[in-house]
Amino acid sequence: MNRARVMRTVVLPLVVALVATLGLYQLISSQAGSRGPSIVETTSVVVATRPIPSHTMITSDMVALQQVPAAYVLPGAVRAVDGCLGRVSLVPIASGETVLTSKITGTKPGSAGLSYTIPQGKRALTMQVDEIIGVAGFPQPGDKLDILVTYAAT
């Protein structure tokens, strides 16, 4: 009698659980096999390999191509490394972040501002400044300016 009670309370539930587990395993295996391998379409985007501060000219050691799922590509993502080389970051770009066209200057010459069109070691100079002649709008936040003041000593 004791043996029958053990069979009913311990062994029979274990056998039922084992059969249910094997059946569920077979069902899941057959569904996964019928779909075939899951293929995710990827595309190349440019990402920052290290943090890029704002107002910094982007060089080849700062960016690299990375494959990402096509569904997760942001609008305006730069797709080729050549598309961002020589351009200037408008805002800080974190390491591993996708480089977007809205975060870098345009492709037209001078779109980076006056500071990046002047050759290294040279200075821009304006004379007779009034409402018409001057560099209004050219200096951007983060630019360095040399101010020369002349006055007559009396």
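Preceding this section is the structure that the text describes.
Residues numbered from 1 in each chain as written. Predicted model: local features only at pLDDT ≥ 70, side-chain atom pairs only at ≥ 80, totals over all residues. Heavy atoms only, no water.

A. A look at the overall build of the protein. What the protein contains, in helices and strands, is two helices and two strands. Mapped in sequence order, the helices and strands of the protein form the string α-β-β-α. Counting every position in the protein, which comprises 154 residues, the buried fraction comes to 17%. Counted over contacts in the protein with a minimum sequence separation of 6, partners at least 24 positions apart contribute 53%. As displayed, the protein offers around 12100 Å² of accessible surface, 62% of which is attributable to carbon and sulfur atoms. (Helix = DSSP H or I, 4+ residues; strand = E, 2+ residues; numbered from the N terminus. Buried < 20%, exposed > 50% of the residue type's maximum accessible area, 1.4 Å probe, protein only. Contact = heavy atoms within 4.5 Å. Areas by Shrake-Rupley, 256 points an atom, 1.4 Å probe, with all protein chains shown as cover.)

B. Layout of the nonpolar core. Formed by Val 46, Ala 48, Ile 52, Ile 58, Met 62, Val 63, Val 78, Cys 84, Ile 93, Val 99 and Ile 104, the largest nonpolar core amounts to 11 residues. By size, the runner-up hydrophobic cluster in this structure holds six residues, among which are Val 68, Val 73, Ala 77 and Leu 100. (Core = buried A, V, L, I, M, F, W, Y, C linked by side-chain atoms within 4.5 Å.)

C. Examining the pattern of salt bridges more closely. Inspection of every chain in the model, using the stated rule, returns two salt bridges. Here Arg 50 and Asp 61 are joined by a salt bridge, their closest N and O atoms 3.9 Å apart. Of the two residues, Arg 50 is situated in the loop between strand E1 (42–48) and strand E2 (63–69) and Asp 61 in the loop between E1 and E2; the sequence distance between them amounts to 11 residues. Given the relative accessible area of 37%, Arg 50 is considered partly exposed. In this structure, Glu 97 engages Lys 103 in a salt bridge whose closest nitrogen and oxygen atoms are separated by 2.1 Å. (Salt bridge = Lys/Arg side-chain N within 4 Å of Asp/Glu carboxyl O.)

D. Here's a closer look at a nonpolar patch on the surface. There is a patch of nonpolar side chains on the surface, built from Val 6, Met 7, Val 10, Val 11, Leu 14, Val 15 and Val 19 and spanning about 590 Å² of accessible area. Within the element layout of this structure, Val 15 appears in helix H1 (residues 2–35). (Patch = residues over 30% accessible without salt bridge, like charges linked within 9 Å, V, L, I, M, F, W, Y side chains within 5 Å.)

E. Up close: the pairing of E1. Burial analysis of E1 places five of its seven residues in the buried class, which makes it a mostly covered element. With seven bridges joining them, E1 and E2 adopt antiparallel strand pairing. Among the inter-strand pairings, Thr 42 is bridged to a residue of E2, identified as Pro 69. (Pairing = 2+ DSSP bridges.)

F. Up close: the environment of Thr 43. Looking at the element boundaries, Thr 43 is found in strand E1. Put simply, Thr 43 and Arg 79 are 36 residues apart on the chain and 8.3 Å apart in space, counted from C-alpha to C-alpha. Excluding residues within four positions of it along the chain, Thr 43 makes contact with Gln 66, Gln 67, Val 68, Ala 70, Val 73 and Arg 79.

G. Quick peek at unusual backbone geometry. One non-glycine residue, His 55, lies in positive phi territory at about 60°. Among the structural elements, His 55 can be located in the loop between E1 and E2. In this structure His 55 comes out as partly exposed when scored by relative accessible area, which is 29%.

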